[in-house]
Amino acid sequence: MTTKKTYEEINARIKSGQAVIVTAEEMVTIVREQGVKEAAKKIDVVTTGTFAPMCSSGAFINFGQCVPTIKASKIWINKVPAYGGLAAVDTYLGATEPAEDDPLNKVYPGEFKYGGGHVIEDLLKGKKVFLEAKAYGTDCYAARKMKKEMTLDDLPHALLCNPRNGYQNYNCAVNLSDKVVYTYMGMLKPNCRNANYCSAGELSPLMNDPYYKTIGIGTRIFLGGGVGYVTWHGTQHNPNAPRTENGIPRRPAGTIMVQGDLKQMSPDWIKGLSILGYGNSLAVGLGIPIPVLDEEMAAATGRGDDEIYTQIVDYGNDYTNGINKTYGEVSYAELKSGTITIAGKAVTTASLSSTVKARKIAETLKKWMQEGSFFLHEPASLLPGPG
Amino acid sequence: MYTRIYFFRFPKDTCDRPIIYHLIKEHEVEVNILRADILPEREGVMILELKGAKNNVRAALAYLEGLGVGIERLATRVRRDEQRCFECGACTGICPVQALYVRREDMAVLFDPDKCTGCGQCVLICPVRAMEMSLGKEWLQLESVTMD
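Treat the numbers as computed from the prediction; the structure is a model and nothing was measured. (Residues numbered from 1 in each chain as written. Chains lettered and ligands numbered in written order. Predicted model: local features only at pLDDT ≥ 70, side-chain atom pairs only at ≥ 80, totals over all residues. Heavy atoms only, no water.)

1. Brief notes about helix α6 (residues 355-370) of chain A
At 3.6 residues per turn, the α-helix brings residues three or four places apart onto the same side. Residue and element names in this part refer to chain A. The terminal C-alpha atoms of α6 lie 22 Å apart, and with 16 residues this matches the ideal 22 Å at 1.5 Å per residue to within 8%. Three or more residues of α6 are buried, namely Thr355, Val356, Lys357, Ala358, Arg359, Ile361, Ala362, Leu365, Lys366, Trp368 and Met369. Residue Ser354 occupies the N-cap position of α6, its side-chain oxygen lying 3.1 Å from the main-chain nitrogen of Lys357. Count one or two residues on from α6 and you reach Gly372, which has phi positive near 75°. (Helix = DSSP H or I, 4+ residues; strand = E, 2+ residues; numbered from the N terminus. Expected span 1.5 Å × (residues − 1). Buried < 20%, exposed > 50% of the residue type's maximum accessible area, 1.4 Å probe, protein only. Polar contact = N/O pair within 3.5 Å; in protein donor to acceptor, adjacent residues only side chain to side chain.)

Following this line, the structure appears as structure tokens:
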């Protein structure tokens, strides 16, 4: 008899403290030792996690009115420009926006000491941020400028809203040119002397649900130390990327849009980044619980780093010129060993995604469910699948 | 064999003397110069790895101390801010001496200050700027002079 479970059944077990919850790393061993059938029967939920730079991130903020009232059209928070094309005192602060007076790459490679991501982190740390706004003035919003210091507590509304997070797989970056390049994949030495990758591999959320059978609009997740939701598929979501026989994409594929109340998040799981020569970004901690509804989900969550592959891509020339070429395929087991072989040559690897923190997120989600404080939420609609 | 990396500050009046020669010749220590900024009429700074019998290294340090040279273990001048570091591992690909390295069993990113040679490459590579090197204002001034 094949196993079939429903969200209601699993949630009832979480409530009564009887649900069996394991992390995606633990699931690999369970499936290998006991088989898919047994794992599907025994395990209710597999928790995942990832903690890495996710550039397509930011926050919707409402900063409250002043007297006379203002319809802010230009906005800065700690000198970082925020979007002013929304209603009176609403704004969107993007994680990659550098401070206005940043020298950028004029002194190459630029350091990008402070940007939108850092403002979000400072808010989470309880620090005061300095908000400035300019306006053209209207009859109903007469003020032309506004300046105030605010903390996260002072803000009437603050929502982390990331249009593209949690990439299902990502490139392994090398530099085949003869000069050093500074990229969002880190510093890459000339002539392929190092390789950087950025995925939690077997712990990564979408790697554990390759065909989006459980993840969709309304999936409740760990986001930035608090609770958030998947609210749409992310920008550039590409379910049609080539896949291995086990269904896992071999190159960047699915993505998710996520949202959550910033006020319940923690600076331990949201960090502003300065990527040398590239710009600012935000490291986002996110984790998704995957319900083991059937054997297919047990098999999917049981895949290990040695079964998950990605492409080697050149960031010295190809990437910026839109050349879609790969220089081989490597597994995450190889990448995590510290050395891969490219064209017969041993190349040192480094990760931009934290395995230690990804594991901690998966363990936190597991703990929340074991304590009965976090329940699965069935999606209203699943992410678009291949087709 | 005793090996330690030190951060030395040489007073102005020592820059015309062959101090390192004496270190090698009279105290029988191996000297590996990792970084040096020595300019006439200015305080000089050096990062040296000293290797030798423990007694010899100690005697060499005592000799330098007698000349008014400021001595500090480099390890005390470099640190990782454990609150900021999220163990991504970006630094491990560029650290030339594996002072920053990954423990493969659990993928923890670790820092061994005793191995650090103070090259400083990790400082700007770290996306959360968790690596701190307090090598003194003088060092930075010298840096800008040599870069001109």
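Okay, back to it.
2. As for the domain arrangement of chain A
All names here are of chain A. Parsing chain A into structural domains produces domain 1 (7-54 + 162-382) and domain 2 (60-160). If you average the C-alpha positions of domain 1 and of domain 2, the two centres end up 31 Å apart. The partner domain 2 presents 27 residues to the 27 residues of domain 1 that form the contact. Buried area between domain 1 and domain 2, summed over both chains or domains, comes out near 2100 Å², and the portion from carbon and sulfur atoms is 62%. For the domain 1 face of the interface with domain 2, the top three residues by lost area are Leu262, Lys263 and Asn280, together amounting to 33%. At the boundary of domain 1 and domain 2, one finds zero salt bridges. Inspection of the region where domain 1 meets domain 2 yields ten residue pairs in polar contact (both at pLDDT 80 or more). Put simply, the parts of the chain that give the side of domain 1 that touches domain 2 at least two residues each are β10 (157-165), β18 (256-261), β19 (270-275) and β20 (279-287). Tallying contributions element by element places β19 first for the side of domain 1 that touches domain 2, with six residues. (Domains from an automatic or database assignment. Contact = heavy atoms within 4.5 Å. Buried area = accessible area lost by both parts, 1.4 Å probe. Salt bridge = Lys/Arg side-chain N within 4 Å of Asp/Glu carboxyl O.)

3. Describing the sheet that holds strand β8 (residues 129-134) of chain A
Residues and elements named next belong to chain A. Judged by pairing direction, the sheet is antiparallel, and its four strands sit side by side in the order β6-β5-β8-β9 without closing on themselves. Each edge of the open sheet is held by one strand with a lone partner, namely β6 (80-82) and β9 (145-150). Between one strand axis and the next, the sheet turns by 20° as a mean value, whatever way the strands run. With four bridges connecting them, strand β5 (residues 74-77) and β8 associate as antiparallel partners. Across the sheet, Ile77 pairs through a bridge with Leu131, a residue of β8. (Pairing = 2+ DSSP bridges. Axes fitted to C-alpha atoms, helices over the stretch in contact; angles between N-to-C directions.)

4. Regarding the domain arrangement of chain B
Residues and elements named next belong to chain B. The domains assigned to chain B are domain 1 (2-74) and domain 2 (77-135). A straight line from the C-alpha centre of domain 1 to that of domain 2 covers 26 Å. Between domain 1 and domain 2, the contact holds nine residues from the first and nine residues from the second. Taken together, the two surfaces of domain 1 and domain 2 that pack against each other cover about 810 Å², and 50% of this comes from carbon and sulfur. Interface area lost by domain 1 to domain 2 is led by Phe7, Arg35 and Leu74, which between them contribute 50%. At the junction of domain 1 and domain 2, the tally comes to two salt bridges. In this structure, Asp114 and Arg73 form a salt bridge, with 2.5 Å as the shortest nitrogen-oxygen distance. On inspection of domain 1 and its partner domain 2, the count reaches five residue pairs in polar contact (both at pLDDT 80 or more). Listing elements by their share of the side of domain 1 that touches domain 2, those giving two or more residues are β1 (2-10), β2 (30-37) and β4 (70-73). Sorting elements by how many residues they give to the side of domain 1 that touches domain 2 places β1 first, with three residues. Looking at the side of domain 1 that touches domain 2, its residues break down into five nonpolar, no polar and four charged. (Nonpolar A, V, L, I, M, F, W, Y, C, P; charged D, E, K, R; others polar.)

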